[in-house]
Amino acid sequence: MSNSKKIMCVNAGSSSIKFKLYEMDEKASLAKTIAEKSQYCKALCSGLVERIGHEDARCIIKKPDGSKSEKVLPIHNHDEGVQLVLKGLIEEKIVASLDEIQGVGNRVVQGGKYFSDAHVFDQYTYDRIEELIPLDPLHAEAHLTCFNAFKKALPMVGEVAVFDTAFHQTMEPKEYMYAIPYEWYEKYACRRYGAHGTSHKYLSQFAKEKYFADKEHVNIITCHIGSGASVSAVKDGKCIATSMGLTPLAGVMMGTRTGDIDPSCMPYLCTCTGKSADEIYDIYNHHSGLEGVSGISNDTRDVEAEYYKGNERAILAMDMYASRIAEYIMMYYGKLGHVDMIVCSAGVFENSPIYRKMAFDNVEEALGVKIDEKLNEEKVRGQWGLISTPDSKIPVAVIPTDEELMICLDTARILGL
Ligand code: ADP
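Along each chain, residues carry numbers from 1 onward, in the same order as the chain's sequence is written. With pLDDT at 70 or above as the cut-off, local features in this predicted model cover only qualifying residues; side-chain atom pairs require 80 or more to be listed or tallied, and sums for whole chains, interfaces and linings still use all residues. Only heavy atoms go into the side-chain values, all of them from the structure, while hydrogens and water stay out.

A. Seen up close, the overall build of the chain. Under the scheme used here, helices are H or I runs from DSSP no shorter than 4 residues and strands are E runs no shorter than 2 residues, and both carry numbers assigned from the N terminus. Scanning the chain from terminus to terminus reveals 17 helices and 14 strands. Only the C-alpha atoms count toward the radius of gyration. The rule for a globule is 2.2 Å times the residue count to the power 0.38. Here the chain has a C-alpha radius of gyration of 22 Å; the compact-globule value for 417 residues is 22 Å, and the two agree. With respect to the three principal axes, the spread of C-alpha positions in the chain is 60 × 55 × 50 Å. Buried means the residue's accessible area, taken with a 1.4 Å probe over protein chains only, is under 20% of the maximum for its type, while exposed means over 50%, and partly exposed covers the values in between. Taken over 417 residues, the chain has a buried fraction of 51%.

B. Main features of the sheet that holds strand β9 (residues 219-225). Judged by pairing direction, the sheet is mixed, and its 6 strands sit side by side in the order β11-β10-β9-β12-β14-β13 without closing on themselves. Only two strands of the sheet have a single neighbouring strand rather than two, namely β11 (238-242) and β13 (385-386). Pairing of β13 with strand β14 (residues 396-398) involves 2 bridges; the strand directions are antiparallel. Residue pairing in the sheet places L386 in a bridge with A397 of β14. Pairing between strands requires that DSSP locate at least two bridges from one strand to the other.

C. Region of interest: the site of the ligand. In the vicinity of the ligand, the residues found are G226, S227, G228, D299, T300, R301, A346, G347, V348, N351 and S352. Polar contacts, as used here, are pairs of N or O atoms within 3.5 Å; protein pairs need one atom able to donate a hydrogen and one able to accept it. Residues neighboring in sequence count only if both atoms are side-chain atoms. Here S227 contributes a side-chain N or O atom positioned 3.0 Å from an oxygen atom of the ligand. Between the ligand and T300, the relevant distance is 2.6 Å, taken from a nitrogen atom to a side-chain nitrogen or oxygen of the residue. Here the ligand has 580 Å² of accessible area as a free molecule, and 66% of this is covered by the chains. At the level of secondary structure, the elements contributing two or more residues to the shell around the ligand comprise α12 (300-308) and α14 (346-351). Only Asp, Glu, Lys and Arg are considered charged, only Ala, Val, Leu, Ile, Met, Phe, Trp, Tyr, Cys and Pro nonpolar, and every remaining residue, Gly among them, polar. Residue composition of the shell around the ligand, grouped by class: 2 nonpolar, 7 polar and 2 charged. We call a residue near a given molecule or strand whenever any one of its heavy atoms falls within 4 Å of it. What sets the accessible areas is the Shrake-Rupley method with a 1.4 Å probe; for residues, cover comes only from the shown protein chains.

D. Region of interest: the sheet that holds strand β8 (residues 158-163). Read across the sheet, 8 strands follow the order β5-β4-β3-β2-β1-β6-β8-β7 without closing on themselves; strand pairing throughout is mixed. The sheet is open, and its two edges are formed by β5 (68-73) and β7 (119-120), each paired on a single side. In the sheet, strand β6 (residues 101-108) pairs with β8 via 6 bridges, with the strands oriented parallel. Residue V108 lies in a different strand from β8, and its bridge partner there is F163. Note on definitions: a residue-residue contact is assigned when non-hydrogen atoms from the two residues lie within 4.5 Å. Interaxial angle, 0 to 180 degrees, is taken between N-to-C directions of lines fitted to C-alpha atoms, where a helix line uses only the stretch in contact. Across the sheet, helix α5 (residues 137-153) is in contact with β1 (4-12), β2 (16-25), β6 and β8; its angle to β1 comes to roughly 145 degrees.

E. Up close: the layout of surface pockets. Using a grid of 1 Å spacing that covers the protein atoms alone, one calls a set of points a cavity when a 1.4 Å probe fits there but cannot get out, and a pocket when the set is open and has protein on both sides within 12 Å along at least five of seven lines; lining residues are those with an atom within 4 Å of a point. Grid points are joined across faces, edges and corners, and a volume is the space filled by probe spheres set on the points. If you add up the space inside the second largest pocket, you get close to 710 Å³. Around the second largest pocket sit 17 residues that line it, and Y178, L246, T247, L249 and Y281 are the ones nearest its centre. Tallied by class, the residues present in the lining of the second largest pocket amount to 13 nonpolar, 2 polar and 2 charged.

F. Spatial organisation of the packing of helix α8 (residues 197-211) against helix α17 (residues 403-415). Contact geometry of α8 with α17 gives a least axis separation of 9 Å together with a crossing angle of 95 degrees. Here α17 runs roughly perpendicular to α8, going by the angle between their axes. Along its contact with α8, which presents T198, S199, K201, Y202 and Q205, the element α17 presents E403, L405, M406, D410 and R413. Along the lines of polarity and charge, the residues of the contact of α8 with α17 split into 3 nonpolar, 3 polar and 4 charged. An angle below 35 degrees is treated as roughly parallel, one above 145 as roughly antiparallel, one from 65 to 115 as roughly perpendicular, and anything else as oblique.

G. Region of interest: the packing of helix α13 (residues 312-336) against helix α15 (residues 353-367). Remark: α13 packs on α15, axes separated minimally by 8 Å, with the N-to-C direction vectors making an angle of 45 degrees. By the angle class used here, α13 and α15 are oblique. α13 and α15 meet at a crossing whose hand is right-handed. Between α13 and α15, the residues in contact are M318, D319, Y321, A322, S323, I325, A326, I329, M330 and Y333 and I354, Y355, M358, A359, F360, N362, V363, A366 and L367, respectively. When its residues are assigned to classes, the contact of α13 with α15 shows 16 nonpolar, 2 polar and 1 charged. Less than a right angle of anticlockwise turn of the near helix away from the far helix marks a crossing as left-handed, whereas a clockwise turn marks it as right-handed.

H. View of the pattern of salt bridges. The rule for a salt bridge is simple: a side-chain nitrogen of Lys or Arg has to be within 4 Å of a carboxyl oxygen of Asp or Glu. For the structure on display, the rule yields 23 salt bridges. Of the charged contacts in the structure, one is a salt bridge between E131 and R128, with a shortest N-O distance of 3.0 Å. A residue pair is termed a helical-turn pair when its members lie 3 or 4 positions apart in one helix, as E131 and R128 do in helix α4 (residues 123-131) at 3 residues. On the basis of relative accessibility, which here comes to 41%, the residue E131 falls in the partly exposed class. The shortest N-O distance in the salt bridge between E172 and K174 comes to 4.0 Å. Among the charged side chains, a salt-bridge network with shared partners connects E50, R58, K68 and E70.

I. A look at the packing of aromatic side chains. To pair, rings of Phe, Tyr and Trp, with the six-membered ring standing in for Trp, must have centres within 6.5 Å; the planes then decide the type, stacked if under 30 degrees apart, edge-to-face if over 60, and tilted in the middle. Scanning all chains against the criterion turns up 14 aromatic pairs. Pairing F115 with F163 gives two aromatic rings, centres 4.1 Å apart and planes at 10 degrees, and the pair type is stacked. Separated by 48 residues along the polypeptide, F115 in the loop between β6 and β7 and F163 in strand β8 bring together distant segments of the chain. Across the pair, exposure class does not vary: F115 and F163 are buried alike. Ring geometry for Y176 and Y185: centres 6.2 Å apart, planes at 40 degrees, overall tilted. Residue classification places Y176 among the buried residues on the basis of a relative accessible area of 12%. We count a charge as sitting over a ring when the NZ of a lysine or the CZ of an arginine lies within 6 Å of the ring centre and within 35 degrees of the ring normal. Above the ring of Y114, the side-chain terminus of R128 is found at 5.4 Å from the ring centroid. One residue, R191, lies across the ring of Y176, its end atom 3.6 Å from the ring centre.

J. Focus on helix α10 (residues 277-286). For α10, the complete set of buried residues consists of I280, Y284 and N285. Angularly, the buried residues of α10 cover 140 degrees about the axis, an arc narrow enough to put them on a single face. Arc, as used here, means the arc of the directions from the helix axis to the C-beta atoms.

K. Region of interest: the side chain of K37. Relative to the helices and strands, K37 is located in helix α2 (residues 34-39). For this count, His and the chain ends are skipped, Lys and Arg are scored as positive, and Asp and Glu as negative. Of the side chains with opposite charge, E209 lies nearest to the buried K37, which makes no salt bridge, at 8.0 Å. Polar contacts involving the side chain of K37 include one to the main-chain carbonyl oxygen of A28, which spans 3.2 Å.

In structure tokens:
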């Protein structure tokens, strides 16, 4: 590439670091659409450090040609994990020197009310994320640790925080407020923040550019349905409503999360089971949803296989899953007034015709949405395009999401690269 920059995109968890290194041509900043920009951003490698803190941790680096290097060794903390990744980039000849890396973009789950866009990862950003630790302890601490690890390893390189909540900051108070005593909002900032914002932004922008380039006002419902799942209503490029809440537990039913549930279930279940609120909360997050109801798995493929065998719990779980997504689509249709397009994305909705079909069957009569079976079968594994019939009242498209690309572009924009 002519004049290019290398940007590292990082997604840190409490015991893992996922990463993708991009080479971005300067033409990317001048390109108008995301699709054009993506043509100037080449992924040089991606990878993962997992089981940090264990003796048998792993560091994997994958190249675009499909080859990969994998090391199993003790990795005690994120500092060591980052050092290994950077050493691996040189060993694998992905970069000749670490000086080639000019920016690091960090995905940050929770930006609270403070960030409506990506931001330089400076002391202000650091302090705000630290302040927000009680909202999301596992992720927030991992983001700070990973930021520090890169700062130590690459002291001259600018870092950016790209917040999963930022895109949802345009919601009005009537959308983000909970009906709880107002001082709990004032004192503890207890409200809806949403998540997957980077994905919803990408999807709504991509859909607008591809299908409605000349239309001024465009309303889109974006369905990010993966192991975590959320639905958003986007009006003229701005999020007006989203299904996740204070945390990603709320909204539609997910792989292991409950989605919306009557808050009274918590004290009732504590009494019935003798478990603590923390234990029940852990089950709400990690053993509910498709896994909890089906008793099979959190993976939609396993549940689907049992569905075809007539397993009643699998059928119930999939019916519930489809129905909850349809409820949000209908609610957001109501809020938006009219809808120009519904977008399907993330692991489940990019790959599974039956989960899509079941959800849209639930809205066919009310919204006049009709799915073309052949197109629906075809649009899997990275294929994008319409899956609705020409007479569907609202077109439905599959668009594979690309959060890393957005992090790369935001990092370059904020650092002025
Ligand atoms: P996350 O990023 O939240 O970890 P993804 O968006 O990658 O999740 O989604 C992962 C989920 O997508 C898997 O748990 C599985 O349920 C589902 N999935 C992936 N591929 C397929 C497929 N071919 N058919 C059905 N479901 C799939």
